[in-house]
Amino acid sequence: MTTLRPDFLWGASTAPHQIEGNNINSDWWVREESSPGMQLSGDAVDSYHRYREDMQLLADAGCNSYRFGVEWARIEPRPGHFSRAELAHYRRMIETAIELGLTPVVTLHHFSSPRWFADRGGWTADGAIDHFRAYVTEVASILGGVEWVATINEPNMLAMMEMLMDQMKSGEASEWKSPTVEAAEEGKNLANNLPVPHRKYGEPFVEAHHAAREVLHELTDAKVGWTVASAALTPTPGNEEKFIEVQYDYENLYLEAARGDDFIGVQSYSSQAVDASGLVPHPPHPDNTMVGTAYRPDALGMAVRHAWEVTEGVPVLVTENGLATTDDERRIAYTQEALGHLIAASEDGVDVRGYLHWTLLDNYEWGHWEPTFGLVGVDRETFVRTPKPSLGWLGNVARLNGANILAPASTRP
Ligand code: FCB
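These remarks concern the structure in this document. Note that the structure is predicted; figures quoted are calculated from it, not measured. (Residues numbered from 1 in each chain as written. Predicted model: local features only at pLDDT ≥ 70, side-chain atom pairs only at ≥ 80, totals over all residues. Heavy atoms only, no water.)

### Re the nonpolar core
Then comes step 1: Grouped together as the largest cluster of nonpolar side chains are 121 residues, with contacts concentrated most on Tyr135 and Trp226.
Then comes step 2: Ranked by size, the runner-up nonpolar core spans 7 residues in total, among them Val105, Phe263, Leu317 and Leu356. (Core = buried A, V, L, I, M, F, W, Y, C linked by side-chain atoms within 4.5 Å. Buried < 20%, exposed > 50% of the residue type's maximum accessible area, 1.4 Å probe, protein only.)

Structure representation (structure tokens):
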């Protein structure tokens, strides 16, 4: 027996800059070249050309959904110049997904922006929202038949990046940091030493999301939402007040902005404590992941329950959840346990619409190639794809609609 809906979405997520390759008109392309600690994305894993093969792998495994993004920097390489060829490319991707039986979940902005947009001051510059609105209006023309659209991926992490950029301009910060790989140097516990974004950096994203939502509701039939990085935060004793402040700035601002959306995308990897000085870095531990975070499959249940509560009952789509590891058995164990917590939340009444694993392919992890989150390995010279056992495992869970996953005993009444 499963409590999950018969139309539950099962699949994996990707982001254009991390897999396509040669995203040369984007701000990230420039950033990689100018940040000494970062590796280059280059050809990435050439999914720009190999998307059909990638989708086929997912469909053949038994999954029924694929989340991918369209790249603003390709669609609008110069302000006001919208490339018909690139729009047609992404339309072909949408049609390919549908043809293969994969429900497309399309992200309109996933961390990378056109370099001209960043050059004119990014999201806090005058006119930024109008530019985003114009881009979304163009993209709406290729979204026929798409049921799920995410406007902006992890606006909270983007706000953190905008804040970091300001700090670099003022000299307060010296170098660019990856938004997701915090423990790049072995032996160092640098995990989550990234700043909590001040709320003023979040506000333009709320405005951009609401503008995009309005356009999409007018021009398409899609369900519209955005995806928020959920840290499954917990207070340490005596620091409840600080906790409330950090939790608001880190995620509740963005979850509250999703009230009235058609879904909320929950992206969960780990859980983190808050003390008097803010986020507590993950303590060093042999079980920590390749990106320095604690191994916490239970975080997913915490994250979806929290999103459900703060959004006041917006349906939840898990748009990212996964593990950076070279040990695929461990990836399966993590995912199995995380799904148990997700099903327990669903049994408790959270309206969960799907689970999209991060990620389909080993990819460019924002400045780093080492952390491997993929269900499929990729040879970066030949681009040959090699599915890992976890892909078949997830496909099997999908075929059974989660019936083989047990909710953990501790969360059962
Ligand atoms: C999320 C990002 C995604 C990927 C995972 C590991 O924050 O949305 O692109 O980097 O983390």
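### Quick notes on unusual backbone geometry
Then comes step 1: Cis geometry is found at the peptide bond from tryptophan 358 to threonine 359, where omega equals 10°.
Then comes step 2: For threonine 359, the position within the fold is in the loop between strand 11 (352-358) and strand 12 (376-378).
Then comes step 3: Despite not being glycine, glutamate 154 shows a phi value in the positive range, around 45°.
Then comes step 4: Looking at the secondary structure, you find glutamate 154 in the loop between strand 4 (148-153) and helix 8 (155-170).
Then comes step 5: Residue classification places glutamate 154 among the buried residues on the basis of a relative accessible area of 6%. (Helix = DSSP H or I, 4+ residues; strand = E, 2+ residues; numbered from the N terminus.)

### Details of the site of the ligand
Then comes step 1: Taken together, 13 residues lie near the ligand, and Gln18, His110, Asn153, Glu154 and Glu365 sit nearest.
Then comes step 2: A distance of 2.5 Å is found between an oxygen atom of the ligand and a side-chain nitrogen or oxygen belonging to glutamate 154.
Then comes step 3: When the ligand sits alone it has 290 Å² of accessible area, and the protein chains cover 95% of it.
Then comes step 4: Looking at the shell around the ligand, its residues break down into 5 nonpolar, 5 polar and 3 charged. (Near = heavy atom within 4 Å. Polar contact = N/O pair within 3.5 Å; in protein donor to acceptor, adjacent residues only side chain to side chain. Areas by Shrake-Rupley, 256 points an atom, 1.4 Å probe, with all protein chains shown as cover. Nonpolar A, V, L, I, M, F, W, Y, C, P; charged D, E, K, R; others polar.)

### Some details on helix 13 (residues 389-399)
Then comes step 1: Of all the positions in helix 13, only Ser390, Leu391, Trp393, Leu394, Gly395, Val397 and Ala398 are classed as buried.
Then comes step 2: Residues of helix 13 that are buried make contact with strand 1 (9-13), helix 3 (47-61), helix 12 (328-347), strand 11, strand 12 and strand 13 (385-387).
Then comes step 3: Positive phi shows up at asparagine 401, right after helix 13, with a value of about 50°. (Contact = heavy atoms within 4.5 Å.)

### Some words on the environment of aspartate 298
Then comes step 1: Assignment of secondary structure puts aspartate 298 in the loop between strand 9 (278-279) and helix 11 (299-310).
Then comes step 2: Linking aspartate 298 and serine 270, residues 28 residues apart in sequence, is a C-alpha distance of 7.9 Å.

### Notes on the packing of helix 3 against helix 5 (residues 84-99)
Then comes step 1: Relative to each other, helix 3 and helix 5 sit at 10°, their axes nearing to 10 Å. By the angle between their axes, helix 3 is roughly parallel relative to helix 5. Taken together, the residues of helix 5 that come into contact with helix 3 (itself represented by Tyr48, Tyr51, Arg52 and Met55) are Glu86, His89, Arg92, Met93, Thr96, Ala97 and Glu99.
Then comes step 2: Partitioned by chemical class, the residues of the contact of helix 3 with helix 5 number 5 nonpolar, 2 polar and 4 charged. (Axes fitted to C-alpha atoms, helices over the stretch in contact; angles between N-to-C directions. Parallel < 35°, antiparallel > 145°, perpendicular 65-115°, else oblique.)

### Quick look at the sheet that holds strand 9
Then comes step 1: The 3 strands are arranged 6-8-9 in an open sheet whose pairing can be described as mixed. Both edges of this open sheet fall to strand 6 (233-235) and strand 9, since each of them pairs with a single strand only.
Then comes step 2: Bridge count between strand 6 and strand 8 (residues 272-275): 3 bridges; the pairing is parallel. Bridging from a neighbouring strand, proline 235 pairs with valine 274 of strand 8.
Then comes step 3: Running at roughly 165° to strand 6, helix 10 (residues 240-256) makes contact with strand 6, strand 8 and strand 9 of the sheet. (Pairing = 2+ DSSP bridges.)

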